[in-house]
There are 2 protein chains.
Amino acid sequence: MMKKLINHPENVVQEMIEGMVHAHPQRLKRVPGTNVLVRRDAPVRGKVALISGGGSGHEPSHAGYVGAGMLDGAVLGEVFTSPTPDQILEGIHAVNSGKGVLLIIKNYTGDIMNFEMAAELAEAEGIEVKKIVVNDDVAVEDSTYTTGRRGIAGTVFVHKIAGALAEKGASLEEVHRVAEKVVKQVRSMGMAMTPCTVPAAGRPSFEIGEHEMEIGIGIHGEPGTERSRLASADDIASKLVAHVLDDLKPAPGDKAAVMINGLGATPLMELYIIHKKVSEILAEKNIQVIDTFVGEYMTSLEMAGCSVTLLKLDDELTELLNAPADTIAWKK
Amino acid sequence: MMKKLINHPENVVQEMIEGMVHAHPQRLKRVPGTNVLVRRDAPVRGKVALISGGGSGHEPSHAGYVGAGMLDGAVLGEVFTSPTPDQILEGIHAVNSGKGVLLIIKNYTGDIMNFEMAAELAEAEGIEVKKIVVNDDVAVEDSTYTTGRRGIAGTVFVHKIAGALAEKGASLEEVHRVAEKVVKQVRSMGMAMTPCTVPAAGRPSFEIGEHEMEIGIGIHGEPGTERSRLASADDIASKLVAHVLDDLKPAPGDKAAVMINGLGATPLMELYIIHKKVSEILAEKNIQVIDTFVGEYMTSLEMAGCSVTLLKLDDELTELLNAPADTIAWKK
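Remember, predicted model here, so these are calculated numbers, not experimental data.

Rules of the game
Residues numbered from 1 in each chain as written. Chains lettered and ligands numbered in written order. Predicted model: local features only at pLDDT ≥ 70, side-chain atom pairs only at ≥ 80, totals over all residues. Heavy atoms only, no water. Pairing = 2+ DSSP bridges. Helix = DSSP H or I, 4+ residues; strand = E, 2+ residues; numbered from the N terminus. Axes fitted to C-alpha atoms, helices over the stretch in contact; angles between N-to-C directions. Contact = heavy atoms within 4.5 Å. Polar contact = N/O pair within 3.5 Å; in protein donor to acceptor, adjacent residues only side chain to side chain. Parallel < 35°, antiparallel > 145°, perpendicular 65-115°, else oblique. Left-handed = near helix turned anticlockwise from the far one by under 90°. 1 Å grid on protein atoms, 1.4 Å probe; cavity = no way out; pocket = protein on both sides within 12 Å on 5 of 7 lines; lining within 4 Å. Points joined across faces, edges and corners; volume = space filled by probe spheres on them. Nonpolar A, V, L, I, M, F, W, Y, C, P; charged D, E, K, R; others polar. Buried area = accessible area lost by both parts, 1.4 Å probe. Salt bridge = Lys/Arg side-chain N within 4 Å of Asp/Glu carboxyl O. Phe/Tyr/Trp six-rings, centres within 6.5 Å; stacked < 30°, edge-to-face > 60°. Buried < 20%, exposed > 50% of the residue type's maximum accessible area, 1.4 Å probe, protein only.

Asks: How would you explain the sheet that holds strand S12 (residues 305-313) of chain B if you had to name every residue and give the values?
Replies: All names here are of chain B. Strand order in the open sheet formed by six strands is S9-S8-S7-S12-S10-S11, with mixed pairing between adjacent strands. The open sheet has two edge strands with one neighbour each: strand S9 (226-229) and strand S11 (288-295). Pairs of neighbouring strands in the sheet enclose a mean axial angle of 15°, with direction left out of account. In terms of strand pairing, strand S7 (residues 186-192) meets strand S8 (residues 212-215) through two bridges, oriented antiparallel. Bridging from a neighbouring strand, Ala-192 pairs with Glu-214 of S8. Against the sheet, helix H4 (residues 155-167) contacts S7, strand S10 (255-262), S11 and S12, and its axis sits at roughly 125° relative to S10.

Asks: Run through the environment of Asp-254 of chain A, naming residues and quoting values.
Replies: All names here are of chain A. Take Asp-254: it is sitting in the loop between helix H6 (233-248) and strand S10 (255-262). In this structure, the C-alpha to C-alpha distance between Asp-254 and Val-289, residues 35 residues apart in sequence, is 8.6 Å. With residues near it in sequence (within four places) discarded, Asp-254 still touches Asn-286, Ile-287, Gln-288 and Lys-312. A polar side-chain atom of Asp-254 sits 2.8 Å from the main-chain amide nitrogen of Ala-251.

Asks: Before we move on, could you go through the sheet that holds strand S8 (residues 212-215) of chain A and cite the residues and values that matter?
Replies: Residues and elements named next belong to chain A. Spatially, the six strands line up as an open sheet ordered S9-S8-S7-S12-S10-S11, and their pairing is mixed. At either end of the open sheet lies a strand with only one pairing partner, and these are strand S9 (226-229) and strand S11 (288-295). Taken over all neighbouring pairs, the strand axes of this sheet differ in orientation by 15° on average, direction set aside. Across the sheet, helix H7 (residues 268-284) lies against S10, S11 and strand S12 (305-313), angled at about 155° from S10, the strand it touches most.

Asks: Outline the packing of H6 of chain A against H7 of chain A, supporting the account with residue identities and numerical values.
Replies: Residues and elements named next belong to chain A. Put simply, H6 and H7 touch, their axes get as near as 9 Å, and they point 50° apart. With respect to each other, H6 and H7 are oriented oblique. Regarding H6 and H7, the two cross each other, and that crossing is right-handed. Together, Ala-233, Asp-234, Ile-236, Ala-237, Ser-238, Val-241 and Leu-245 of H6 and Ile-273, Ile-274, Lys-277, Val-278, Ile-281 and Leu-282 of H7 make up the contact between the two elements.

Asks: Report on the layout of surface pockets, specifying residues and quantitative values.
Replies: Taking a probe equal in size to a water molecule and rolling it over the atoms shows the remaining empty space. The space that makes up the largest pocket amounts to roughly 1400 Å³. Thr-194 and Pro-195 of chain A together with Thr-194, Pro-195 and Glu-302 of chain B are the residues nearest the centre of the largest pocket, which is lined by 45 residues in total. Its residues assigned to classes, the lining of the largest pocket shows 22 nonpolar, nine polar and 14 charged. Considering the residues around the second largest pocket, the lining is formed by 44 residues, among which Ile-328 and Ala-329 of chain A together with Ile-328, Ala-329 and Trp-330 of chain B are closest to the centre. Listing elements by their share of the lining of the second largest pocket, those giving two or more residues are H7 and S11 of chain A together with helix H7 (268-284) and S11 of chain B. Classifying every residue of the lining of the second largest pocket gives 23 nonpolar, 10 polar and 11 charged.

Asks: Lay out the interface of chain B and chain A with the relevant residues and their values.
Replies: Listed by partner, the interface residues are 61 residues for chain B and 60 residues for chain A. Contact between chain B and chain A buries roughly 4800 Å² in total, counting both sides, with carbon and sulfur atoms accounting for 65%. Its largest share of buried area at the contact with chain A, chain B owes to Lys-3, Leu-5 and Met-269 of chain B, together 19% of the area lost on that side. The tally of links between chain B and chain A comes to four salt bridges. Seen at the junction of chain B and chain A, the total is 18 residue pairs in polar contact (both at pLDDT 80 or more).

Asks: Quick one: what's the story with the packing of aromatic side chains, residue by residue and with numbers?
Replies: Residue and element names in this part refer to chain B. This structure, assessed with the given rule, holds 10 aromatic pairs over all chains. Ring geometry for Phe-157 against Trp-330: centres 6.3 Å apart, planes inclined by 75°, an arrangement best described as edge-to-face. One end of the pair, Phe-157, is in helix H4; the other, Trp-330, is in the segment after helix H8 (315-322), with 173 residues separating them in the sequence. Like Phe-157, the residue Trp-330 is buried in the burial classification. Ring plane angle 65° and centroid distance 6.0 Å describe the contact between Tyr-297 and Trp-330, whose orientation is recorded as edge-to-face. Of this pair, Tyr-297 sits in the loop between S11 and S12 while Trp-330 is found in the segment after H8, placing the two residues 33 residues apart along the sequence. Both residues of the pair, Tyr-297 and Trp-330, count as buried.

Asks: Could you give me a rundown of unusual backbone geometry, with the residues and numbers involved?
Replies: Note on backbone geometry: most residues besides glycine have negative phi, and most peptide bonds are trans. Residue and element names in this part refer to chain A. Cis peptide bonds are those with omega within 30 degrees of zero, and the linkage from Ala-42 to Pro-43 qualifies with -10°. That bond from Glu-59 to Pro-60 is cis: its omega, 10°, falls within 30 degrees of zero. Topologically, Pro-60 is positioned in the loop between strand S3 (49-56) and strand S4 (73-79). In this model, Asp-142 sits at a positive phi of 60°, which is unusual for a non-glycine residue. Residue classification places Asp-142 among the partly exposed positions, given a relative accessible area of 45%.

Asks: Help me get a handle on the pairing of S3 of chain A, residues and values and all.
Replies: Both faces of the sheet carry side chains from a regular strand, because those side chains alternate between them. Residue and element names in this part refer to chain A. Burial of S3 is extensive: eight of the eight residues sit out of reach of the surface. Two strands pair when backbone bridges link them, and S3 and strand S5 (residues 101-106) are joined in this way by three bridges, in the parallel orientation. From the neighbouring strand, Ile-51 faces S5, where its bridge partner is Leu-103. Of the strand pairs in this sheet, S3 and S4 are connected by five bridges, and their pairing is parallel. In the sheet register, Gly-53 faces S4, and the bridge partner there is Val-75.

Asks: Got a sec to walk through empty space enclosed by the protein? Specific residues and values, please.
Replies: All names here are of chain B. The final tally for this structure, using the stated rule, is seven cavities of 30 Å³ or more. Together, 13 residues line the largest cavity, and Ser-56, Ser-61, His-62, Ala-63 and Leu-76 are the ones closest to its centre. Those elements that provide at least two residues to the lining of the largest cavity are helix H1 (12-23), strand S3 (49-56) and strand S4 (73-79). Ranked by residues supplied to the lining of the largest cavity, first place goes to S3 with four residues. Here the lining of the largest cavity is composed, by residue class, of six nonpolar, six polar and one charged.

Shown next, in the form of structure tokens:
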């Protein structure tokens with residue numbers, strides 16, 4: 001049985017968008033007739049514009065990060081469904097002020113295809129566009145909807161850091177360069193204890209036993225690396241961090257930012273318990289944690305579970321991570 | 001079956017506190033040997049200090065609101081269990097700078113008793129203390145743990161507004177006066193679709209049918225006004241707002257702030273769908289909504305459901321609501 005606060009399963013994204021615009025008129029405006037939400041002051045003159053987007057169901061990603069110092073616009077697809085190229089093109093039109101547009105794309109086949117097509121259409125109109133593909137999930141190569149690694153919570157660090165540089169007036173080339181640097185230095189891995197239900201489907205995205213968890217799961221419930229008996233928070237944290245560290249290979253003394261991300265139904269209490277162990281492991285490895293983010297940043301509807309993200313920081317990234325941001329879900 | 005990211009059920013609050021302090025060392029410090037979290041710079045000279053607290057399981061309440069412009073300290077009880085008077089007294093000691101301490105108490109019998117006892121102990125030591133009891137829940141008079149109305153999400157507005165006035169250097173009497181004004185002008189009502197599980201209990205706090213919801217439920221799963229078949233988001237929003245408006249009786253043209261609060265497992269998408277209807281109803285009634293807050297402010301572990309809070313604003317409250325705040329869960 002699907003228990004949700006909705007009206008009609010087919011209208012959830014439309015009604016969510018209306019609710020967002022009602023709630024945040026000082027921050028967001030909707031491009032009329034589209035599922036595109038942009039900064040109230042878009043297009044911002046003299047600034048490279050950043051757009052992200054993808055399927056809905058990952059709130060606050062991405063509309064929650066639209067605002068000064070982060071994204072200029074978010075293009076919202078149906079739940080777990082890529083937005084169409086024409087919608088993305090509408091977004092590009094709405095934010096472009098002539099200094100170029102960066103598309104931040106999570107690595108899913110549908111997203112890549114549609115954002116690329118929109119980029120080509122925009123370029124044909126003479127708009128300068130660059131793309132950055134985020135693939136921070138170390139769990140698996142290739143998955144249900146993806147060739148290569150998936151883009152998950154680490155994407156939010158790309159929004160923050162590239163957005164901060166754009167806000168300073170940097171060129172599209174520079175903003176793209178720093179976004180690439182973030183992608184190279186960010187890794188994540190997640191786990192889930194329960195599935196979620198796409199409203200229009202009406203039934204859970206996967207089945208999982210009463211005592212089971214899945215490690216390495218994707219944010220749409222795509223299979224992970226391992227299904228096993230639900231372990232302790234410490235064991236889960238250790239496993240997630242081990243995979244991330246194995247891949248990122250930070251050196252002792254390196255600086256980093258940490259994100260403990262809830263997938264939707266996991267209480268903050270549990271995320272902080274996970275973080276306790278994560279921070280102990282990083283201290284043992286002599287990784288210097290500069291900033292920590294615990295909460296819901298990239299969700300999967302009402303899935304219970306979490307992901308751990310590590311971003312290796314240098315001076316440039318540290319400064320940009322600390323720069324001002326004024327969005328619904330990230331204020332600095 | 002209880003599916004949680006924990007280690008030992010008895011240690012959840014201790015490990016959460018450690019995780020919080022690890023994550024936010026720039027904002028929070030723990031009073032050694034206690035379950036009290038205070039501002040990094042506590043005690044703040046020349047400032048009235050604000051303390052809140054109560055049982056854990058409502059995160060980000062209340063430690064998430066500790067910081068400049070809101071609370072000076074939070075006293076954390078075990079899950080859904082009042083903190084003891086000696087812990088509250090430790091909190092008072094840690095934040096008191098000689099200008100007096102305001103205790104913000106949600107109306108539950110255990111909380112009232114223990115905060116009052118702590119206040120008496122502090123006064124016996126010569127510390128000036130005032131108390132404010134929040135009872136914003138219009139659902140029921142008297143309930144499982146309460147005489148009179150319960151204190152729920154509206155409490156966060158008391159933290160924000162009284163905290164802002166204290167930060168400006170106002171006297172204890174003034175800060176208490178404005179807190180009282182907020183309590184008089186704030187009303188809430190909630191509903192739930194699923195129960196939650198206190199870790200040490202290991203089983204759900206109540207039973208509810210697969211197609212049922214409970215309107216007017218408390219943040220510990222205390223009974224509400226009505227159990228019925230799960231209705232549409234619009235019907236639920238209408239019912240919650242109707243109860244709140246009946247009690248608060250705002251006049252057409254009145255200004256207000258709105259909070260759509262998730263109880264733990266409800267996706268932001270659904271909260272925005274609820275908000276869409278709430279904002280339509282308020283527009284019809286000609287209530288001028290000055291600010292809207294949609295997210296998790298006062299949770300009940302992993303309960304699925306929401307509450308709607310309305311705060312009637314005058315110029316003083318509007319100014320204080322908009323004043324700067326720098327806490328983990330509320331930044332302005």
